[in-house]
Amino acid sequence: MGCAATVSGCNSSSSDVEVVPPTPPVGSDEKLNWSACLVNCGSNCPVKVYSKDGVITRVESDFTIEDEYGDHNVRACLRGRALRKRVYAPDRLKYPMKRVGPRGSGQFERISWDEALDIVADKLQNTIDQYGNESILFTYNSGAAYHFSGKQCLYRLMNLKGGYLNTYGDYSWAQLYKAATYTYGSARPGWKGSSMSEMKNSDLVLMIGYNPSEIRMSGSGEAYDFLMLKQQNNFKTILVDPRYTDSAVGKEDQWLAIRPGTDAALIEAIAYELITNNRVNQEFLNDYCVGYDENTMPAGVDYSESYKSYILDNPTAGDMTPGTNAKTPAWAAAITGIEENVIIDVAEQLANASAPFVQIAASLCRQAAGENNTRAGYMLPILLGQIGLPGTNGGGLCSGSSFSAPKMPTGSNPVGKKISFFTWTQAIEDGENMSVLKDGVILPEDQLDANGDGKLGHNVKAIINYAGNALVNQHSDTNRTTEILSDESKCEFILVVDNWMTPSAEYADIVLPDVSWLETEDLVNQSYAAGDTATLVQMSTGVEPMFESRPIYDVCVDLAKRMGVEAEFTEGKTREDWLNEFYASAKAAQPDLPEKEVMLTQGVYRKYLPNGSYIVHEDFRNDPVANPLPTPSGKIEIYSERLAELSQKWDLADGDVISALPKYVPTWDGYEDAATKDDYPLQLTGYHTKGRAHSSYHNVPWLREAVQDAVWMNPIDAQQRGLQTGDLVRIFNDRGELEVPVKVTPRIMVGVTALGQGAWVRFEGNIDKGGNLNTVTSQRPTPLSKGNGQHTNRVQITKA
Ligand SMILES: Nc1nc2c(c(=O)[nH]1)N[C@H]1C(S)=C(S)[C@@H](COP(=O)(O)OP(=O)(O)OC[C@H]3O[C@@H](n4cnc5c(=O)[nH]c(N)nc54)[C@H](O)[C@@H]3O)O[C@H]1N2
Ligand SMILES: Nc1nc2c(c(=O)[nH]1)N[C@H]1C(S)=C(S)[C@@H](COP(=O)(O)OP(=O)(O)OC[C@H]3O[C@@H](n4cnc5c(=O)[nH]c(N)nc54)[C@H](O)[C@@H]3O)O[C@H]1N2
Ligand SMILES: [Mo]
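If you look the chain up in an unreviewed UniProt entry, it shows as Dimethyl sulfoxide reductase subunit A from Shewanella gelidii. Per UniProt, the comment on the chain under Sequence similarities (unreviewed entry) is "Belongs to the prokaryotic molybdopterin-containing oxidoreductase family." The annotation that UniProt attaches to the chain under Cofactor (unreviewed entry) is "Mo-bis(molybdopterin guanine dinucleotide)".

Along the backbone of the chain there are 25 helices and 31 strands. The principal-axis extents of the C-alpha atoms in the chain amount to approximately 80 × 65 × 60 Å. The burial tally for the chain puts 63% of its 800 residues in the buried class. For the chain, the proportion of contacts with a sequence separation of at least 24, taken over those separated by at least 6, is 74%. When the accessible surface of the chain is totalled, it reaches about 27,900 Å², and 47% of it is carbon and sulfur. In the chain, which carries 72 positive and 102 negative side-chain charges, the distance between the mean positions of the two groups comes to 4 Å.

Turning next to the environment of G385. Summarising the element assignment, G385 is placed in the loop between α13 (370–384) and β14 (393–395). Spatially, the C-alpha atoms of G385 and F284 are 5.4 Å apart, while their sequence positions differ by 101 residues. Residues within four places of G385 in sequence aside, it is in contact with N281, F284 and R621.

Quick look at the UniProt feature "domain: 4Fe-4S Mo/W bis-MGD-type" (unreviewed entry) in the chain now. According to UniProt, the feature "domain: 4Fe-4S Mo/W bis-MGD-type" (unreviewed entry) maps to residues 30–91 in the numbering used here. Spanning residues 30–91, this segment combines 15% helix with 35% strand, and its end C-alpha atoms are found 26 Å apart.

To continue, consider the packing of helix α8 (residues 263–276) against helix α12 (residues 340–352). Put simply, α8 and α12 touch, their axes get as near as 9 Å, and they point 65 degrees apart. Taken as a pair, α8 and α12 cross one another with a handedness that is right-handed. Between α8 and α12, the contacting residues are L266, A269, I270, E273 and L274 on the first element and I343, I344, V346, A347, L350 and A351 on the second. Within the contact of α8 with α12, the residues separate by chemical class into 10 nonpolar, no polar and one charged.

Our focus in this paragraph is the pairing of strand β24 (residues 682–687). With six of its six residues buried, β24 lies for the most part within the structure. Pairing of β24 with strand β31 (residues 794–799), which is carried by two bridges, proceeds in the antiparallel orientation. From the neighbouring strand, L682 faces β31, where its bridge partner is V795.

Moving on, we get to the site of ligand 2. The immediate surroundings of ligand 2 are formed by 37 residues, with I215, D263, H688, H694 and H791 found nearest. For ligand 2, a nitrogen atom lies 3.0 Å from a polar atom in the backbone of V240. Separating an oxygen atom of ligand 2 from a side-chain N or O atom of R243 is a distance of 2.7 Å. The protein chains hide 99% of the 910 Å² of surface that ligand 2 would expose on its own. Within the residue set of the shell around ligand 2, elements represented by two or more residues are α6 (212–215) and β24. A per-class count over the shell around ligand 2 returns 14 nonpolar, 14 polar and nine charged.

Scoring rules and cut-offs
Residues numbered from 1 in each chain as written. Chains lettered and ligands numbered in written order. Predicted model: local features only at pLDDT ≥ 70, side-chain atom pairs only at ≥ 80, totals over all residues. Heavy atoms only, no water. UniProt positions renumbered as here; feature names shortened; annotations may be inferred. Helix = DSSP H or I, 4+ residues; strand = E, 2+ residues; numbered from the N terminus. Buried < 20%, exposed > 50% of the residue type's maximum accessible area, 1.4 Å probe, protein only. Contact = heavy atoms within 4.5 Å. Areas by Shrake-Rupley, 256 points an atom, 1.4 Å probe, with all protein chains shown as cover. Lys, Arg positive; Asp, Glu negative; His and termini not counted. Charge placed at Lys NZ, Arg CZ, Asp CG, Glu CD. Axes fitted to C-alpha atoms, helices over the stretch in contact; angles between N-to-C directions. Left-handed = near helix turned anticlockwise from the far one by under 90°. Nonpolar A, V, L, I, M, F, W, Y, C, P; charged D, E, K, R; others polar. Pairing = 2+ DSSP bridges. Near = heavy atom within 4 Å. Polar contact = N/O pair within 3.5 Å; in protein donor to acceptor, adjacent residues only side chain to side chain.

Given below as structure tokens:
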């Protein structure tokens, strides 16, 4: 197993090495099963579940092989290790329940499975009959990355019944998909970049908001890859973040504290430095890009519309004299809070780097001008021509390694209409009038008018919320959301399927108890962002389903029976048939995968970089003519004619900007927003905290102790308010008020505060004592993707 020095030589799979069989300690009468943590952090970590007489005694992480980077254990983080507490949480849902008080009052009554399923089947059928399939909505749900008995079952059932209202985009990356699509032509590759392993060929990793140590904590994941690669290859790292994150703390070479939502200004100033000092890669811009300067404008578009002209504020090609609105470092310093000389220095470091690896985090896209922030970020590797070469990245999120394992086929949705995932509350209130040009509704061609416009034409009348907490907790502006949901005449039926009584479950009409991961058999892969190690994990049922909880596959079979589509749903197969078929197909894709009996004791099948290291846009770089990008021009589009057209055509809210070029745009609730600056002097950004994955694991007291929920505030802002660490504070704006303790720390810049998102909302009167960030976030959609600007907030904070 010796592969200490270099990473690249380290490609052995676990099937090559001796597996330590998972036996309980000598003398113990515990039973041992493998399961997994299926939370949405991007990894599915294996866990060892010890039980005795059907009761879980402890949960451990993977430590079955000797650790050597490149062939290492997939260690679960503190969350996975706390799974026993999660399974046995006192608020575990035990039986099907029916709402008895007003919606949201939390008053429920226990009913039988038969009664519950009769009601659900009836309500769904009636909604279809009365309002049409397009009035049924699945809220966003990322709580359980099952392959077999998960959300796919419900989609499959509804597709067999005529479908449901489609949504596009998601809370994670909506703006980023658009930014990548308009720049590089496709969402992927585009928003997905090079693999992390390319950092070994890089001498400078620029992390704009990128925080692997906190958001990719799994033991095989990006946090570990990052640490090991940095240790072995000693590349420089520059972190741009309002917070001094765990990805820095001593590992970084430089921390640039930036005001939230202002990255585009920083990047424009770097562009100014590169252009005026002749450090752009002119050949690359000529051959591979559209819209940089007079050489590369689309036909009929003047130089004055080019990126170079915009940065220099100079309408005349060939003249390098900057205008008064040139995007100078001094201009950007006033907006971003980063000093002028620091910006100049970073531009120089980037220009001097032989292979800069630039990564733009998704946090930039969860801002009010998220699409433009992200497109701006992509400009750095583009201007430098550092794309498609070893050690570089186009700005996208790292591509992970992966093994394939089948998921329950959903079939296709016959409903052709789509709304943005984020606009569903609006679709409950006034879906009828939501339109293509105003709200980003997508309609089938034949339903569009001559102008390309058209209306959705109906409201959302029923909601299915499975393994999601975005019905209440994870969506923006909780006060507004709950007000809309409370009106039973608007959305007439809400089904929630979960394991615990979450804030969303409280708004259900019917609640169904699902089994937990530790009570389930499945074969799952590494999920979508587990770094350079691909895995398959064989989950088995360590303990019996608790109380009356049932797997969603079985529930869907019973619903299919009631709704007349059982044969189509099951295809005549039993659950064992499905599981065996899935296993066989995973084995066909990965012939080295051991037989299932072996996997039941081995638990994990792993391989480091099974498909090698990946350089995004390598083919395009090698031959742009033979391998054009899927943009209309086949090139990287700095200037997008499609966006120029949309900016003319779309009916945008005041202050919203869609622009042909990536541009820094001051926004509502942004640093420069005059309307809110005086009343709400502090910027408040969210972040994804270590103690939870979103709202998942919030109800585990161990984790609340380990990672305290507290709003970060700089000592200077705290002093002005007479605050000390531990003081309870009120955080408020026009949308609501919440209470949390304050953490006074120089790890956050002056004028900016930060709160980990995902705490469970708990109103006492008008005050959210649960400390959920979404009590103060806005439902105003971003301009292009109609997505969530949840990191853009202005607030005031005072002592409670
Ligand atoms: N303010 C703010 N809000 C945000 C964000 C932010 O940055 N700031 N981030 C957004 C992002 S990126 C995302 S992805 C979303 C995430 O939003 P969600 O997808 O809603 O994620 P969770 O909050 O983890 O909710 C998962 C739910 O699934 C349930 N669950 C877990 N396991 C099972 C299971 O086996 N069966 C069933 N039936 N249920 C299960 C959990 O109890 C929980 O209620 O939040 C978004 N909301
Ligand atoms: N522990 C944990 N890990 C998770 C999750 C979780 O809930 N908990 N959720 C998972 C999911 S679904 C997702 S989508 C990802 C989210 O991944 P990201 O979107 O990358 O995560 P965030 O924590 O929102 O933001 C990352 C960093 O960006 C900073 N930031 C905020 N605004 C700005 C800005 O305007 N500019 C700059 N430069 N930095 C800014 C924040 O301070 C934070 O440190 O995380 C995943 N991983
Ligand atoms: Mo996400």
